[in-house]
Amino acid sequence: IPATEYKVPQNNPLEGDVSKLVKDIIGLKGTNFDLDAACASSLYAIKMACDELLTGKSDMMLAGAVCSSDQLFIHMGFSIFHAYAAHDKKYSPLDKDSAGLVSSEGAGMILLKRLSDAERDGDTIIGVISGIGLSNDGAGKFLLSPNPKGQTLAYERAYNGPIAKENTSYIECHATGTPLGDVTEINSLETFFGDNPDKLRLGSVKSNMGHMLTAAGMPSLMKVLLSMEHNSIPPGINISNAIQSENGWFSREQIIEEPLKWNTNSKQAAVNSFGFGGTNAHLVVENYQKGKIKKHKDIALKEMAITSMEVHFGDCDTLATFYQSIFDGKQYFTDMPSSRWKGFEKSSTVLANFGLETNKPPKGNYIADFDMDLMRYKIQPNEIGTMEPQQALILKVADQAIQKSSLKRGENVAVLIAMNPELAIHHYLARWDSQWQLDKALEAAGVNLNESQKETLLSECRNILYQIGNVQTPSQHTSFVGNIMSSRISALWDFNGPSFTISNGNNGTTRALEVAQNMLSLGEVSAVVVGAVDFSGGMEAVLLRNLAEAINNNKQPSLSFNADDYGWLIGEGAA
């Protein structure tokens, strides 16, 4: 379709869920939401779409994934994690000499229907998804270190039905080229598939395409489907010294290095996707064969029991204070914390450009600060100051709610957190842009500084925008990754059910509850921790939202239903 024919909605710049944008442009009317399961996001999106079909909520689903992140931020982050291969080292997944990954960008989309419906409608059927297993590593050595226990659980859950692991003849590995990640994966494959190694073959499309991060599962799945269609599996490239599993059951013989004919009538393969925070997925796919297909019967949705809860809403830091506040009709709108907008609230020009009429920022139910038990949450003191606050707050509130419940460590419990993109990342990016902007500002003002003065001023400007300190920490970068907040909860309680975040504008909590209901109705988990968090009083969030809908800037905001008193009010919190 020519670009001029796209009618991109302009009414709300903040409700920018990718799925909503796609839905509105195409003209679809069903459910949509975005999720973050780190590098397993593609397969998680496919699983959530399948669940919508199994429960009869939808008759057709689009499941897609995209990676188009700020490349400087990505490169800085992976460098801090020591995930990149040095410039003079090798990159080649499933090779012993590979020293790290290469990140890349891309997008993919698949259309899903129930098999019986696709046959009835005479559709072209490219492949049949026969099982998807999701898991989380739970408690491990470190939040960013893969745990074979969690990967093996994903395999077990994928084959928990009529499909047999013995029929899987090819696995498209997650293998990114990092030594720890590739070895952990091939060892977990040996643990689960090691009783039939001769039949199984392995490969990784990342040797061709690089690591597409959130979209990584899409090229993997499409490679498998194309291989089935063309009766040939393409090899990985640049492999000269193949890795092998701990007991030697998987070695060079299993890794495809030359095109492999795949002429069997029945083809069954699998795709691995593993993400930061121990987010695991294993998808089993078969080629389509005409036969007697059972008529689909919708999975009945089950009622859910809420068994515990806890909150931190603005100044209401417990369920008891929240209840007392609404019982007494107390309001919590106060002036903005002095450091929140870092001085930008004093610029009448900035405020006016975004539709705020006064020089004073709006009142709101802000969260100025909160306490954290660093020993319990295993967060180093030098890390906590670099984390975005919503990551820390939802961990604390979720933990308090779980302690009130009957849940036990190590159970098959899912964690779903509703959140919106962390717009504070713009402070980080602005820090990098500050040098050329400062040069431009000094030139426009006619100010001449010597090099020492300019360096001092630049350092102060950068620290005002975003304080890094003496060293950048892993938490600094991962606190901009949504699923890490859910994975921290899973790691704390050693939960091994699916763990990820959901974004759907103001409907995030509703969507998380719907997904929880699907999981419980399908019998895939024993319980679900559903949370939500938003520090919505940040500068970017307020200014952008104000462009779409005016904020209530009265000195004393009144109740929502008062005539002639309009505008949204700032509220921050987690539950």
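Residues numbered from 1 in each chain as written. Predicted model: local features only at pLDDT ≥ 70, side-chain atom pairs only at ≥ 80, totals over all residues. Heavy atoms only, no water.

J.: Help me out: how do you make sense of the environment of His426 in this one?
T.: As for its position among the elements, His426 is in helix H14 (residues 425-445). Judged by its relative accessible area of 42%, His426 falls in the partly exposed class. (Helix = DSSP H or I, 4+ residues; strand = E, 2+ residues; numbered from the N terminus. Buried < 20%, exposed > 50% of the residue type's maximum accessible area, 1.4 Å probe, protein only.)

J.: Help me understand the packing of helix H5 (residues 148-158) against helix H6 (residues 179-193) in this model?
T.: The packing of two helices is summarised by the inter-axis angle and the distance between the axes. Running from N to C, H5 and H6 point in directions that differ by 45 degrees, and their axes come no closer than 9 Å. One finds that H5 runs oblique with respect to H6. Pair H5 / H6 crosses with right-handed handedness. Counting all contacts with H5, which are made through Pro148, Gln151, Thr152, Tyr155 and Glu156, the residues of H6 involved are Thr184, Glu185, Ser188, Leu189, Thr191, Phe192 and Phe193. (Axes fitted to C-alpha atoms, helices over the stretch in contact; angles between N-to-C directions. Parallel < 35°, antiparallel > 145°, perpendicular 65-115°, else oblique. Left-handed = near helix turned anticlockwise from the far one by under 90°. Contact = heavy atoms within 4.5 Å.)

J.: Would you explain helix H8 (residues 217-230) in this entry?
T.: Because each turn of an α-helix spans 3.6 residues, side chains separated by three or four positions end up pointing in the same direction. The first and last C-alpha atoms of H8 sit 20 Å apart over 14 residues, in line with the 20 Å expected at 1.5 Å per residue. Among the 14 residues of H8, 10 are classified as buried, and the element is accordingly described as predominantly covered. Taken as a whole, H8 has its buried residues at Gly217, Met218, Pro219, Ser220, Leu221, Lys223, Val224, Leu225, Ser227 and Met228. (Expected span 1.5 Å × (residues − 1).)

J.: So what exactly am I meant to see when it comes to the packing of aromatic side chains here?
T.: Two aromatic rings are characterised by how far apart their centres lie and by the angle between their planes. Across all of its chains, the model carries 20 aromatic pairs by this definition. Residues Trp493 and Phe495 carry aromatic rings whose centres are separated by 6.0 Å and whose planes lie at 20 degrees to one another, so their mutual orientation is stacked. In this pair, the class of Trp493 matches that of Phe495, namely buried. One aromatic cluster is present, formed by Phe73, Tyr428, Trp432, Tyr466 and Phe480 through successive ring pairs. When the ring centre of Phe192 is taken as origin, the NZ or CZ atom of Lys165, which lies over that ring, is 4.4 Å away. (Phe/Tyr/Trp six-rings, centres within 6.5 Å; stacked < 30°, edge-to-face > 60°. Lys NZ or Arg CZ within 6 Å of the ring centre and 35° of its normal.)

J.: Honestly, the packing of helix H2 (residues 41-54) against H8 in this entry has me stumped. Any pointers?
T.: Contact pair H2 / H8: the axes reach a minimum separation of 7 Å and the direction vectors enclose 70 degrees. The angle between H2 and H8 places the two elements in the roughly perpendicular class. For the pair H2 and H8, contact is made by Ser42, Leu43 and Ile46 and by Gly217, Met218 and Leu221, respectively. Looking at side-chain class alone, the contact of H2 with H8 contains four nonpolar, two polar and no charged residues. (Nonpolar A, V, L, I, M, F, W, Y, C, P; charged D, E, K, R; others polar.)

J.: Is there a simple way to explain the sheet that holds strand S10 (residues 279-286) in this structure?
T.: One key point about sheets: their strands pair by backbone hydrogen bonds, in either a parallel or an antiparallel sense. Here we have five strands laid out as an open sheet, ordered S4-S10-S9-S5-S6, and mixed in their pairing. Each of the sheet's edge strands pairs with one partner strand only, and the pair in question is strand S4 (128-136) and strand S6 (201-203). Along the sheet, successive strands turn relative to each other by an average axial angle of 20 degrees, direction set aside. Running at roughly 170 degrees to strand S9 (residues 268-275), H8 makes contact with strand S5 (170-172), S6, S9 and S10 of the sheet. (Pairing = 2+ DSSP bridges.)

J.: When you look at the sheet that holds strand S17 (residues 573-574) in this model, what are you seeing that I'm missing?
T.: With mixed pairing, six strands are arranged side by side in an open sheet as S1-S14-S13-S15-S17-S11. At either end of the open sheet lies a strand with only one pairing partner, and these are strand S1 (34-36) and strand S11 (312-313).

J.: What exactly am I supposed to notice about the nonpolar core here?
T.: Nonpolar side chains in soluble globular proteins tend to end up buried together. Core analysis: the biggest nonpolar cluster contains 53 residues, and Ile46 and Phe500 have the highest contact counts within it. Counting residues per element, this core draws most heavily on H2, at eight residues. When neighbours within four sequence positions are excluded, Phe500 is seen to be in contact with Leu35, Asp36, Ala37, Tyr44, Met48, Val415, Leu416, Ile417, Asn483, Ser486, Val515 and Met519. Grouped together as the second largest cluster of nonpolar side chains are 27 residues, Ile379, Val397, Met419 and Ile489 included. (Core = buried A, V, L, I, M, F, W, Y, C linked by side-chain atoms within 4.5 Å.)

J.: Honestly, the environment of Thr321 in this entry has me stumped. Any pointers?
T.: Its place among the elements puts Thr321 in helix H9 (residues 319-328). Given the relative accessible area of 30%, Thr321 is considered partly exposed. For the pair formed by Thr321 and Trp341, sequence separation is 20 residues and the distance between their alpha carbons is 27 Å. For Thr321, the residues in contact, after removing those within four places along its chain, are Cys316 and Tyr332. Within polar-contact distance, the side chain of Thr321 engages the backbone oxygen of Thr318 at 2.9 Å. (Polar contact = N/O pair within 3.5 Å; in protein donor to acceptor, adjacent residues only side chain to side chain.)

J.: Where do I start with unusual backbone geometry in this structure?
T.: Non-glycine residue Lys378 carries a positive phi angle of around 55 degrees. One can find Lys378 in the loop between helix H11 (374-377) and helix H12 (381-384).

J.: What am I meant to see in the pattern of salt bridges here?
T.: As a working rule, side chains carrying opposite charge can pair if their charged atoms are close by. Per the stated rule, a full pass over the model turns up 19 salt bridges. A salt bridge links Asp51 to Lys47, with the shortest nitrogen-to-oxygen separation between them at 2.7 Å. On the criterion of helical spacing, the pair formed by Asp51 and Lys47 is a turn pair, its members being four residues apart in helix H2. Each of the two residues, Asp51 as well as Lys47, counts as buried. The closest approach of N and O atoms between Lys404 and Glu310, which form a salt bridge, is 2.8 Å. (Salt bridge = Lys/Arg side-chain N within 4 Å of Asp/Glu carboxyl O.)

J.: Any chance you could explain a nonpolar patch on the surface here in plain terms?
T.: Side chains of Ile26, Leu28, Met60, Leu62, Met109 and Leu111 sit close together on the surface and give an oily, nonpolar patch of about 550 Å² of accessible area. Of note, Ile26 is situated in helix H1 (residues 18-26). Classification of Ile26 by relative accessible area gives exposed; the value is 52%. (Patch = residues over 30% accessible without salt bridge, like charges linked within 9 Å, V, L, I, M, F, W, Y side chains within 5 Å. Areas by Shrake-Rupley, 256 points an atom, 1.4 Å probe, with all protein chains shown as cover.)

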